[in-house]
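Residue-level listing of the chains:
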Amino acid sequence: MTGRSLMVVFFLFGTLTNSNGQAGKENRASTDLQAGEINAAAPALPAPSGPFGIGRVGYEWIDASRPDTFSANNSGAHRDLMVYLWYPSPRTDTKRTGTYLPGAKQMDASPEVQRRVGDEFGPSWEQIVSGDLVSHTVENAPVADAPRHFPVVVFSHGLGSVGFAYTSLIEDLVSHGYAVASIEHTYTAMAVVFPNGRVVTPHQEADPPGLTPEQRFQRMQASAGLAITEGARDEVFVLSKLAEMNSQRAHKFPLEGRLDIDQVAAMGHSSGGAFATLACQMDQRFKACISLDGALPPVAAFPEYGKGFTQPVLLLEIDHSGQPRGFDTAQESEYIKKKEAQLKACPIGSYDVVLKSAGLNHASFSDVPLLFANGKKIETEEALYNLRATQAFVRSFLDKSLKHDTGRLFNNSSEYPGTVITSYGH
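Here the structure is a predicted model, which is why all the values come from computation and not from measurement.

**Student:** In this structure, what is going on with the packing of helix H6 (residues 167-175) against helix H11 (residues 377-402)? I would like to understand it.
**Tutor:** In a packed pair of helices, the relevant descriptors are the angle between the two axes and the axis-to-axis distance. Here H6 crosses H11 at 40°, and the two axes come no closer than 10 Å. With respect to their mutual orientation, H6 and H11 come out oblique. As H6 runs across H11, the sense of the crossing is right-handed. Only Leu 387, Thr 390, Gln 391, Val 394, Arg 395 and Leu 398 of H11 make contact with H6, whose side of the interface consists of Ser 168, Leu 169, Asp 172 and Leu 173. In the contact of H6 with H11, the residues fall into five nonpolar, three polar and two charged.

**Student:** Looking at this structure, I do not really get the confidence of the model for the protein. What am I missing?
**Tutor:** Detailed reading of the predicted model is not advised wherever pLDDT is low. The predicted model of the protein averages 87 in pLDDT, with 88% of residues at 70 or higher. Every residue in residues 1-39 scores below 50 in pLDDT, and together they form 97 contacts with partners more than four places removed in sequence or on other chains.

**Student:** Honestly, the pairing of strand E12 (residues 313-318) in this entry has me stumped. Any pointers?
**Tutor:** Along a regular strand, successive side chains alternate from one face of the sheet to the other. Judged by how many residues are buried, E12 sits mostly within the fold: six of six residues are covered. Both faces of E12 are covered, namely the face carrying Val 313, Leu 315 and Glu 317 and the face carrying Leu 314, Leu 316 and Ile 318. Bridge count between E12 and strand E13 (residues 350-355): five bridges; the pairing is parallel. Bridge pairing in E13 places Leu 314 opposite Tyr 351. For the segment spanning E12, helix H9 (residues 329-344) and E13, crossover handedness is right-handed.

**Student:** Would you mind going over the pairing of strand E6 (residues 150-156) with me for this structure?
**Tutor:** Judged by how many residues are buried, E6 sits mostly within the fold: seven of seven residues are covered. Burial of E6 is two-sided: the residues Phe 150, Val 152, Val 154 and Ser 156 facing one way and the residues Pro 151, Val 153 and Phe 155 facing the other way are all buried. Relative to strand E10 (residues 259-269), E6 runs parallel, the two sharing seven bridges. Paired with Pro 151 across the strands is Asp 260, a residue of E10. Sheet topology places E6 next to strand E7 (residues 179-184); five bridges connect them, and they run parallel. Within E7, the residue paired with Val 152 across the bridge is Ala 179.

**Student:** Would you mind going over the side chain of Ser 124 with me for this structure?
**Tutor:** You can see Ser 124 is positioned in the loop between helix H4 (111-121) and helix H5 (125-130). Judged by its relative accessible area of 0%, Ser 124 falls in the buried class. Filtering out sequence-adjacent residues up to four positions away, Ser 124 remains in contact with Pro 43, Leu 133 and Leu 371.

**Student:** I tried to follow the pattern of salt bridges on my own but got confused; where do I start?
**Tutor:** Where charged atoms of side chains with opposite charge meet at close range, the side chains can pair. Counting across every chain of the model gives 20 salt bridges. Of the charged contacts in the structure, one is a salt bridge between Arg 56 and Glu 139, with a shortest N-O distance of 2.3 Å. Taken as a pair, Arg 56 in strand E1 (residues 53-67) and Glu 139 in strand E5 (residues 137-139) lie far apart in primary sequence, 83 residues in all. The partly exposed category is assigned to Glu 139, whose relative accessible area is 34%.

**Student:** How should I be thinking about the packing of aromatic side chains in this particular structure?
**Tutor:** The geometry of an aromatic ring pair is captured by the separation of the ring centres together with the interplanar angle, meaning the angle of the planes. What the rule picks out here adds up to 14 aromatic pairs. Here Trp 86 and Phe 164 contribute two aromatic rings whose centre-to-centre distance is 6.3 Å and whose plane-to-plane angle is 45°, an arrangement assigned as tilted. Residue Trp 86 is located in strand E2 (residues 78-89), and its partner Phe 164 is located in the loop between E6 and H6; the two are separated by 78 residues in the primary sequence. The residues Trp 86 and Phe 164 share a single accessibility class, namely buried. A centroid spacing of 5.2 Å and a plane angle of 80° characterise the contact between Phe 302 and Phe 309, whose relative ring orientation is edge-to-face. Its relative accessible area of 1% is what places Phe 302 among the buried residues. Among the aromatic residues, those joined into a cluster by ring pairs are Tyr 351, Tyr 385, Phe 393, Phe 397, Phe 410 and Tyr 416.

**Student:** When you look at the packing of helix H7 (residues 213-247) against helix H8 (residues 271-282) in this model, what are you seeing that I'm missing?
**Tutor:** At their nearest, the axes of H7 and H8 sit 8 Å apart, and the two run at 60° to each other. Considered as vectors, H7 and H8 are oriented oblique to each other. Where H7 crosses over H8, the two elements pack in a sense that is right-handed. Across from Ala 227, Ile 228, Thr 229, Gly 231, Ala 232, Arg 233, Glu 235 and Val 236 in H7, the residues of H8 making contact are Gly 272, Ala 274, Phe 275, Ala 276, Leu 278, Ala 279 and Met 282. Broken down by class, the residue content of the contact of H7 with H8 amounts to 10 nonpolar, three polar and two charged.

**Student:** Honestly, the environment of Lys 377 in this entry has me stumped. Any pointers?
**Tutor:** Tracing the backbone shows Lys 377 in helix H11. Taking the relative accessible area as the measure of exposure, Lys 377 reaches 58% and is therefore exposed. Within the local environment of Lys 377, its side chain forms a polar contact with the side chain of Glu 381, the two groups lying 2.7 Å apart.

**Student:** Looking at this model, I keep getting lost on the sheet that holds E5. Mind explaining?
**Tutor:** Each strand in a sheet pairs with another by means of backbone hydrogen bonds, the pair being arranged parallel or else antiparallel. Taken together, 10 strands build an open sheet; the order of strands is E5-E1-E2-E7-E6-E10-E11-E12-E13-E14 and the sheet is mixed. Unpaired on one side and paired on the other, E5 and strand E14 (420-424) mark the two borders of the sheet. Pairs of neighbouring strands in the sheet enclose a mean axial angle of 25°, with direction left out of account. Contacts between H11 and the sheet are confined to E6, E10, strand E11 (286-292), E12, E13 and E14, with E11 contributing the most and set at about 165° to the helix.

**Student:** Explain the nonpolar core to me, please; I cannot follow it from the model alone.
**Tutor:** For soluble globular proteins, the rule of thumb is that nonpolar side chains tend to be buried together. Formed by 63 residues in total, the largest nonpolar core has its most connected members in Leu 101, Phe 121, Trp 125, Met 267, Leu 316, Val 394 and Leu 398. A per-element tally of this core places H11 first, with nine residues. Discounting chain neighbours no more than four positions away, the residues touching Leu 101 are Met 107, Phe 121, Trp 125, Ile 128, Val 162 and Phe 164. By size, the runner-up hydrophobic cluster in this structure holds 49 residues, among which are Val 143, Ala 266, Ala 274 and Leu 315.

Basis of the calculations
Residues numbered from 1 in each chain as written. Predicted model: local features only at pLDDT ≥ 70, side-chain atom pairs only at ≥ 80, totals over all residues. Heavy atoms only, no water. Axes fitted to C-alpha atoms, helices over the stretch in contact; angles between N-to-C directions. Helix = DSSP H or I, 4+ residues; strand = E, 2+ residues; numbered from the N terminus. Parallel < 35°, antiparallel > 145°, perpendicular 65-115°, else oblique. Left-handed = near helix turned anticlockwise from the far one by under 90°. Contact = heavy atoms within 4.5 Å. Nonpolar A, V, L, I, M, F, W, Y, C, P; charged D, E, K, R; others polar. pLDDT = per-residue confidence, 0-100. Buried < 20%, exposed > 50% of the residue type's maximum accessible area, 1.4 Å probe, protein only. Pairing = 2+ DSSP bridges. Right-handed = clockwise from strand over helix to strand, strands pointing away. Salt bridge = Lys/Arg side-chain N within 4 Å of Asp/Glu carboxyl O. Phe/Tyr/Trp six-rings, centres within 6.5 Å; stacked < 30°, edge-to-face > 60°. Polar contact = N/O pair within 3.5 Å; in protein donor to acceptor, adjacent residues only side chain to side chain. Core = buried A, V, L, I, M, F, W, Y, C linked by side-chain atoms within 4.5 Å.

Written as structure tokens, this is what we have:
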């Protein structure tokens, strides 16, 4: 990717995907509330559809091979991440509920962070802080006895979001026997809370004065490129850390020996989709790759690295036709050609799935539309339908790629009318 068109895509990457990748507040205007309309009852997340309960444990992991170039307090600091591992547990007590967002109170105590999370979660933020909005997750729950090994998904959130905004998607996967390592990408997440109480906000660097428009584009290009590469390296590092802990008892890892490190997928939403698709090209240990509306128009569907993908890829996206895209028809045409060429170069078992349904927008892969619906009947029904569609296609692709299932949904999508499925592979 070179030239001015690349600068355009990085501009879109840095602006339209901000705040959980939502393409501006216009997409959620119908669910915004006027004063006095807040529903006192906390929204209920959809119940996971699988037979397992959900456990979760958080880890602070430091990558000693990468310096932390943005650290304000320690010139010798290294890349520091919070990673939350969600795993199958016995489903013995369906009434037990857990925290939706660990660290919410620390986030709420900072006016700067409070503004960001208030924009992200809207009317539900107060209920998240108070604990009235709950998940189906139990911290440090016992691990399910069977099966012996769990396939793994390494997950990346969208720019300016957090992994917890995708709780419904993650819980549903775990309930079907997957372990999910959700990365809180430091300086990319809206806030990361570490065990010592430290809260790290996104890195923002003002342009020096006197730059020409072309120079500003070049800085933005470099910054976005570094962010994608750093996010992909986060995924590769987390996979290596999981493999290490899975094999060494000295760590007292509750899932020691239980993770199927030979069956791992990388998945992400929006900018996280770019992280995941780049990570897959960097590291062949990933056996499947999922990008949730993470294409990079008007340049390409995926970032490019080396010889491309060796594993099947799912691009699960919404129908963007008719939406303002910030570029002209000639660029759109070139983008479609490039996207088609990239998809055709993917291995057998790859798909482009375009979802079409009411209320669907770029944030629909997360809990955000449901939380903004705030109990309103139509908006809630639409948000739940779109979450179910995302869960179904993600799970069917992973079952096919990692569990060698038939992937029936890709042969018959009648459950989700209007969906367009195109298979690829060489």
